[in-house]
Amino acid sequence: MNKKGNVLAIAIMFFLFAMISFVTGLQNPMGIIVKAQFGASNAMSQLGNLANFIAYAFMGLPAGFILKRYGYKVTSLIAVAVGFVGVGISYLSGVAASFTIYLLGAFVSGFSMCMLNTVVNPMLNTLGGGGNKGNQLIQLGGSLNSLAATIVPIFVGYLIGDAASATITDANPALFIAMGIFALAFIIIAFSYIPEPELEAAKAAPGKQEKTSDSIRGALAHRNLVFGVIAIFLYVGVEVGIPNIANLYMTSSAVGISTAVAGTVVGTYWFLMLIGRLAGGLLGGRISSRAMMTAVSTIAIIFVVLGMFLPADVKVNFPAISSNLSFELVEIPVGVMFFVLCGLCTSVMWGAIFNLAVEGLGKYTSIASGLFMVMVCGGGVLPLVQGAVADSFGYVESYWVIVAAVAYILWFSVAGSRVRSK
């Protein structure tokens, strides 16, 4: 692969990273909308998020197989086409005022996000040569992912206005932007050169193809991958659950913060993920993934516990954008501030977990990426569980789900990620 081709390929992968976050992030403020429009409970408000992420469980392995057979470019083109259709269905759900069609749109969009994730992570890891440099590129790409995630809740929170009267049609401008992004991405990818190292290697050394079942068994023979896919399941749930439930908490009658302000606070969580990923990208070449993971997992547990136990009536001034788009300092519970600060910790977890889990896998990396995509469904399952706990015991108490998940991730970084094959 020539250097110029690498630079263009990296730029395209970064662009796709941002698209993944923009469309996935729509489910956060949409939870507030469906709660108001359809009278959904906290758990039901997370069903769109669940539909979006559960698609990964269905598409994860097929996406890995498509990538292995047809390469990065074809897989990317299929993914953005499916994404356009998924967001289009979400738009139609507003026209029909149908919760079922809304869930269908989120589900179809999830297929697209799964395929894009399957492409982006191994491609950046390959272009970086694996190891710390591979992790560094994933962290830098993740920074654009976080930038898009920062914008979505602020933008849609402003569009919603009054949470009590919100409808899906309020989010139409964001849906139109998403469809425009997909259309533009399809054109750019179609006319761009993207290196295909695995396809080229297969052509250079033709031979009998390994059976799919054998490939999966070969990948799962690596202990670090087995524990890694569990860590990814929990991590994506943590990343999504922290801001989603915080958004519901702030806009509830108990706290009474407007959707625009709450969206800004949640957006700050994603902005801190952007800062953390930029820092991770700069430091990733010098600090091992294991050391990075151990540090941020420990700090995240401390932040969440502080957020749970600090008195709810203690408030802090927090920078926000109000419903009239003016910048101001607003009072939020101090515990919410610590939940938001977790963005600094979750920022580098994805790239580091992926990097540690695929270490030593070689030819099984594509299949491993597909397995990872299956387990991304945790981003829908864990917030649903947390929402159910919030319904039964309270918003703050639901963060015990987060503590348990991060504790496992800490164990994985310390012990479970050690490279051993069965």
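Each chain carries its own residue numbering, running from 1 in the written order of its sequence. Predicted model: local features are reported for residues with pLDDT of at least 70 only, side-chain atom pairs are reported and counted for 80 or more only, and whole-chain, interface and lining totals are derived from all residues. As a rule here, side-chain values cover all heavy atoms of the structure and leave hydrogens and water aside.

On a plain count of helices and strands, the protein chain comes out with 17 helices and two strands. The globule rule puts the C-alpha radius of gyration for 422 residues at 22 Å, and the 20 Å found for the protein chain is close to it. In terms of overall dimensions, the protein chain has a C-alpha envelope of 65 × 45 × 35 Å along the principal axes. Think of it in three bands: with a 1.4 Å probe and only protein chains considered, a residue is buried below 20% of the maximum accessible area for its type, exposed above 50%, and partly exposed in between. Evaluated residue by residue, the protein chain yields a buried proportion of 59% over its 422 residues. The contact criterion used throughout is that any non-hydrogen atoms of two residues lie within 4.5 Å. Pairs at least 24 residues apart make up 84% of the contacts formed inside the protein chain by residues separated by at least 6 positions. Within the structure as shown, the protein chain displays about 15700 Å² of accessible surface, and the carbon and sulfur contribution to it stands at 69%. Computed over 20 positive and 14 negative side-chain charges, the inter-centroid distance for the protein chain is 17 Å. Helix numbering and strand numbering both begin at the N terminus, where a helix is a DSSP run of H or I of at least 4 residues and a strand a DSSP run of E of at least 2. The size measure is the radius of gyration over C-alpha atoms, and the globule rule it meets is 2.2 Å times the number of residues to the 0.38 power. For the area figures, the Shrake-Rupley method with a 1.4 Å probe applies, and any residue is considered shielded solely by the protein chains shown. Just so you know, the count uses Lys and Arg for positive and Asp and Glu for negative, and it drops His and the chain ends. All charge positions are set by atom: Lys at NZ, Arg at CZ, Asp at CG, Glu at CD.

This part is about the packing of helix α2 (residues 27-38) against helix α4 (residues 99-127). Lines fitted to C-alpha atoms define the axes, with helix axes restricted to the stretch in contact, and inter-axis angles between N-to-C directions lie between 0 and 180 degrees. In contact at an axis separation of 12 Å, α2 and α4 are set at 170 degrees when each is read in the N-to-C sense. The orientation of α2 with respect to α4, classified from their angle, is roughly antiparallel. Seen from α2, the contacting residues are Gln27, Met30, Val34 and Phe38; seen from α4, they are Phe99, Tyr102 and Ala106. Residue polarity follows a fixed list, in which Ala, Val, Leu, Ile, Met, Phe, Trp, Tyr, Cys and Pro are nonpolar, Asp, Glu, Lys and Arg are charged, and the others, Gly among them, are polar. A class-by-class count of the residues in the contact of α2 with α4 yields six nonpolar, one polar and no charged. By the definition adopted for this analysis, an angle is roughly parallel if under 35 degrees, roughly antiparallel if over 145, roughly perpendicular if from 65 to 115, and oblique otherwise.

On to a nonpolar patch on the surface, then. Like charges within 9 Å and nonpolar side chains (Val, Leu, Ile, Met, Phe, Trp, Tyr) within 5 Å are joined into patches, using only residues over 30% in relative accessible area that form no salt bridge. Think of a salt bridge as a Lys or Arg side-chain nitrogen and an Asp or Glu carboxyl oxygen that are within 4 Å of each other. On the surface, Phe271, Ile275, Leu278 and Leu344 cluster together into a nonpolar patch covering about 310 Å² of accessible area. If you tally residues by element for the nonpolar patch, the top one is helix α10 (residues 259-283), at three residues. With respect to the helices and strands, the residue Leu344 is situated in helix α13 (residues 343-346).

By the secondary structure assignment, Tyr70 is in helix α3 (residues 47-96). For the pair Tyr70 and Leu199, spaced 129 residues apart in sequence, the C-alpha to C-alpha distance is 7.7 Å.

Here we come to the packing of aromatic side chains. The geometry of an aromatic ring pair is captured by the separation of the ring centres together with the interplanar angle, meaning the angle of the planes. Any Phe, Tyr or Trp ring, taking Trp's six-membered ring, that has another such ring centre within 6.5 Å forms a pair; planes under 30 degrees apart are called stacked, those over 60 apart edge-to-face, and the others tilted. Following the criterion strictly, the structure yields 16 aromatic pairs and no others. When the ring of Tyr91 is compared with that of Phe176, the centres are 5.3 Å apart and the planes differ by 50 degrees; the resulting orientation is tilted. Remark: Phe176 occurs in helix α6 (residues 172-190) and Tyr91 occurs in helix α3; sequence separation between them is 85 residues. Relative accessible area serves as the criterion here: at 27%, Tyr91 is assigned to the partly exposed category. What links up through ring pairs into an aromatic cluster is the set Tyr235, Trp350, Phe354 and Phe372.

The next thing to look at is helix α11 (residues 289-309). The terminal C-alpha atoms of α11 lie 30 Å apart, and with 21 residues this matches the ideal 30 Å at 1.5 Å per residue to within 8%. Every buried residue of α11 is accounted for by Ser289, Met292, Met293, Val296, Ser297, Ala300, Phe303, Val304, Gly307 and Met308. Each buried residue of α11 lies within a common arc of 135 degrees when the element is viewed along its axis, so the set occupies one face. An expected span of 1.5 Å times one less than the residue number is assigned to each helix. Each direction from the helix axis to a C-beta atom contributes to the arc, which is the arc of those directions.

Running from N to C, helix α9 (residues 223-250) and helix α14 (residues 349-357) point in directions that differ by 165 degrees, and their axes come no closer than 8 Å. Considering the angle they form, α9 stands roughly antiparallel to α14. As α9 runs across α14, the sense of the crossing is left-handed. Contact residues: Asn224, Leu225, Gly228, Ala231, Ile232, Tyr235 and Val236 in α9; Met349, Trp350, Ile353, Leu356 and Ala357 in α14. Partitioning the contact of α9 with α14 into residue classes produces ten nonpolar, two polar and no charged. By definition, any crossing whose near helix is turned counterclockwise from its far helix by less than a right angle is left-handed, and any crossing with a clockwise turn is right-handed.

A few words now on unusual backbone geometry. For residues besides glycine, phi is generally negative; the peptide bonds are generally trans as well. One non-glycine residue, Ala97, lies in the positive phi region at around 50 degrees. Owing to a relative accessible area of 42%, Ala97 belongs among the partly exposed residues under this scheme.

By the element assignment, Met13 lies in helix α1 (residues 3-25). For Met13, a relative accessible area of 0% gives the class buried. Separated by 363 residues in the primary sequence, Met13 and Val376 place their C-alpha atoms 19 Å from one another. Not counting the four nearest positions on each side in its chain, Met13 is found in contact with Val119, Val120, Met123, Leu124 and Ile194.

It is worth spelling out helix α15 (residues 365-375) at this point. For α15, the tally of buried residues reaches ten of eleven residues, placing the bulk of the element in the interior. Here α15 has its buried residues at Thr365, Ser366, Ile367, Ala368, Ser369, Gly370, Leu371, Phe372, Met373 and Val374.

Further remarks concern the side chain of Ser76. Following the sequence through the fold, Ser76 ends up in helix α3. Judged by relative accessible area, Ser76 falls into the buried class, the value being 0%. Under this definition, polar contacts are N or O atom pairs within 3.5 Å; protein pairs additionally need one hydrogen-donor-capable and one acceptor-capable atom, and for neighbouring residues in sequence, both atoms have to be side-chain atoms. Among the polar contacts made by the side chain of Ser76, one reaches the main-chain carbonyl oxygen of Tyr72 at a distance of 2.7 Å.

We now examine the state of the cysteines. Two cysteine sulfur atoms make up a disulfide if the distance between them is within 2.5 Å. All chains considered together, the criterion is met by zero disulfides. Residue Cys342 stays outside any disulfide, its sulfur separated by 5.7 Å from that of Cys345, the closest cysteine. Overall, the relative accessible area of 3% leaves Cys345 in the buried class.

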